[in-house]
Amino acid sequence: MRILSVRGTLPEHRYSQAEITASFVDTMLRGRVSRAVVERFHAHAGVDTRHTALPLEQYGALPDFGAANDAFISAGVELGARAVVDALKAVDLVPSDVDLIISATVTGLAVPSLDARVAGLIGLREDVVRVPIVGLGCVAGAAGVARLHDYLVGHPDAIAVLMSVELCSLTLQRDDSSVANLVASGLFGDGAAAVVAAGSARAAQLPPPAWPQPEVVATRSRLYPDSERTMGWDVGAGGLKIVLDSAVPDVVRRYVGADVDGFLADQGLTRDDVEFYVAHPGGPKVLEALQDTLGVDRETLGVTWESLRRIGNLSSASVLHVLADTLRDRPPRPGSLGLMLAMGPGFCSELVLLRVPA
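Residues numbered from 1 in each chain as written. Predicted model: local features only at pLDDT ≥ 70, side-chain atom pairs only at ≥ 80, totals over all residues. Heavy atoms only, no water.

## Examining the nonpolar core
Nonpolar side chains in soluble globular proteins tend to end up buried together. Counting 46 residues, the largest nonpolar core has Leu-167, Leu-170 and Val-196 as the members making the most contacts within it. Broken down by secondary-structure element, the contributors of at least two residues to this core are α1 (17-29), α3 (65-89), α4 (114-122), β6 (159-167) and β7 (190-198). With 12 residues, the single largest contributor to this core is α3. Here Val-196 is in contact with Arg-2, Ile-3, Leu-4, Ser-5, Ala-87, Leu-88, Val-91, Leu-93, Ile-159, Ala-160 and Val-161, once residues within four sequence places are set aside. (Core = buried A, V, L, I, M, F, W, Y, C linked by side-chain atoms within 4.5 Å. Buried < 20%, exposed > 50% of the residue type's maximum accessible area, 1.4 Å probe, protein only. Helix = DSSP H or I, 4+ residues; strand = E, 2+ residues; numbered from the N terminus. Contact = heavy atoms within 4.5 Å.)

In C-alpha cells:
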C-alpha cells in the first residue's frame, strides 16, 4: 500500500491557551476550581494555541449531552468532508474514485456514522465500502492507516481513504473538577484529517509524485494487560467523562520500547534503521516517556512537539497531522524507513513501519 496524500483540517475558531483557560474557568467550572489551579495545569500542557468547533462563548450555553452531540455531528461532517476532498484533490482524484472509507472518532456519537453522512455530501459511490471505527481514541489514526493497509493488500487495484474527526472540546464536562478533566481541558483540541492510499497495482499506474509517498511495510497492534482504566470515557447523563490515569507515561516506558524492538526485529531491522518517527502528541509527559523508551532526543520527535504546541492533542487526528507536517516540512530521504506510533484506550499501541520509495 502507498500513502498518496495526507491532509489535516482545523475549525476556524483559534484561541490562545490563556483565552481557553479563562473561558473554561468562567463558563464551564463556574467557581468549582480556582483559576490559579487551572492555570497551572494548562501551563504544563505544552500547548500555545488550539482550535475549537464552536466560538468559546457558546460552550457555556450547551444545555446537555444531546446539544453537544448535535454540534459534534454538524461540525464533524463539515470538517471531515473538507479533509477528504482536500486529500483527494491533492492527487487529482475525486470522491467517486474511492472504494473504501474508514472513519475514526471517539468524541461524539453518530448513527448513521460520519462516513455515511459525508458520503452523500461529497459524492462517494453508492457501493463504497464503509468501516466506522469508534472507541480506539488517540490510537485510531495509526490504527486506521494499518486497517487501510489490511484492505489494500487484498484489493491492490483499490483507492481507500481514512477520515479522522475529533472535536474534543465538545466533551468537556462542566460538573467535573477531577484532575483528569482539568488536564484534558488544557491538552485536547479539535480537528480532522484524511489519508488517501492506493493498493500496489493502482499505485503503479499513477504518475511520479511531487512529494514523498511512503509505503506501509508492516503493522502491529498491541493490547496491554490490566490497563482498561488507564484511558477512556465514562458515559453518563452529562456525556463523555474523561478517564485519564497518571500512569500513562509509566505504561509507555514499560512496554513501548520493547514492542518497537520486537516489531523491527521481525522485519530484520533495529532502531538504527529508523530514520524518522511519526508519533502521536499525547502530552509532554507521554512524549518524554516515549523519548526515554525509544532512546531518542527531543529533536527526533520535533514535528510532534511542534504539533502539540500549535494545535494541541487532536486524539486520532493528531498523528495524521504529524504525518502531513513531516512529509511537507521534513521530507524523508528516498529509501528511508520511518515508524508511525500511537497509544490509546485499551490501553494499547499501534505501530506502522513506513518506507519512502527510492
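## A closer look at helix α9 (residues 284-294)
Within α9, eight of the 11 residues are buried, leaving the element largely enclosed by the surrounding structure. The inward-facing, buried residues of α9 contact α8 (248-266), β11 (274-279), α10 (302-311) and β12 (337-344). Phi turns positive, to about 70 degrees, at Gly-295, one or two residues after α9.

## Considerations on the domain arrangement of the protein chain
Entries for the protein chain in the domain assignment read domain 1 (2-205) and domain 2 (215-356). Here the C-alpha centre of domain 2 lies 17 Å away from the C-alpha centre of domain 1. Taken together, the contact between domain 1 and domain 2 spans 51 residues of the former and 43 residues of the latter. Buried surface at the junction of domain 1 and domain 2, both sides included, amounts to about 3700 Å², of which 68% is carbon and sulfur. Considering only the side of domain 1, the residues that lose the most area to domain 2 are Phe-65, Cys-138 and Val-139, jointly responsible for 16% of the buried surface there. Between domain 1 and domain 2 we count two salt bridges in total. Two residues, Asp-48 and Arg-309, come together in a salt bridge whose shortest N-O distance is 3.0 Å. Linking domain 1 with domain 2 are 15 residue pairs in polar contact (both at pLDDT 80 or more), by the criterion used here. When contributions to the side of domain 1 that touches domain 2 are tallied by element, the ones reaching two or more residues are β1 (2-9), β3 (49-52), α5 (140-154), β6, α6 (179-187) and β7. The element contributing the most residues to the side of domain 1 that touches domain 2 is α5, with eight residues. Per-class residue counts for the side of domain 1 that touches domain 2 are 26 nonpolar, 18 polar and seven charged. (Domains from an automatic or database assignment. Buried area = accessible area lost by both parts, 1.4 Å probe. Salt bridge = Lys/Arg side-chain N within 4 Å of Asp/Glu carboxyl O. Polar contact = N/O pair within 3.5 Å; in protein donor to acceptor, adjacent residues only side chain to side chain. Nonpolar A, V, L, I, M, F, W, Y, C, P; charged D, E, K, R; others polar.)

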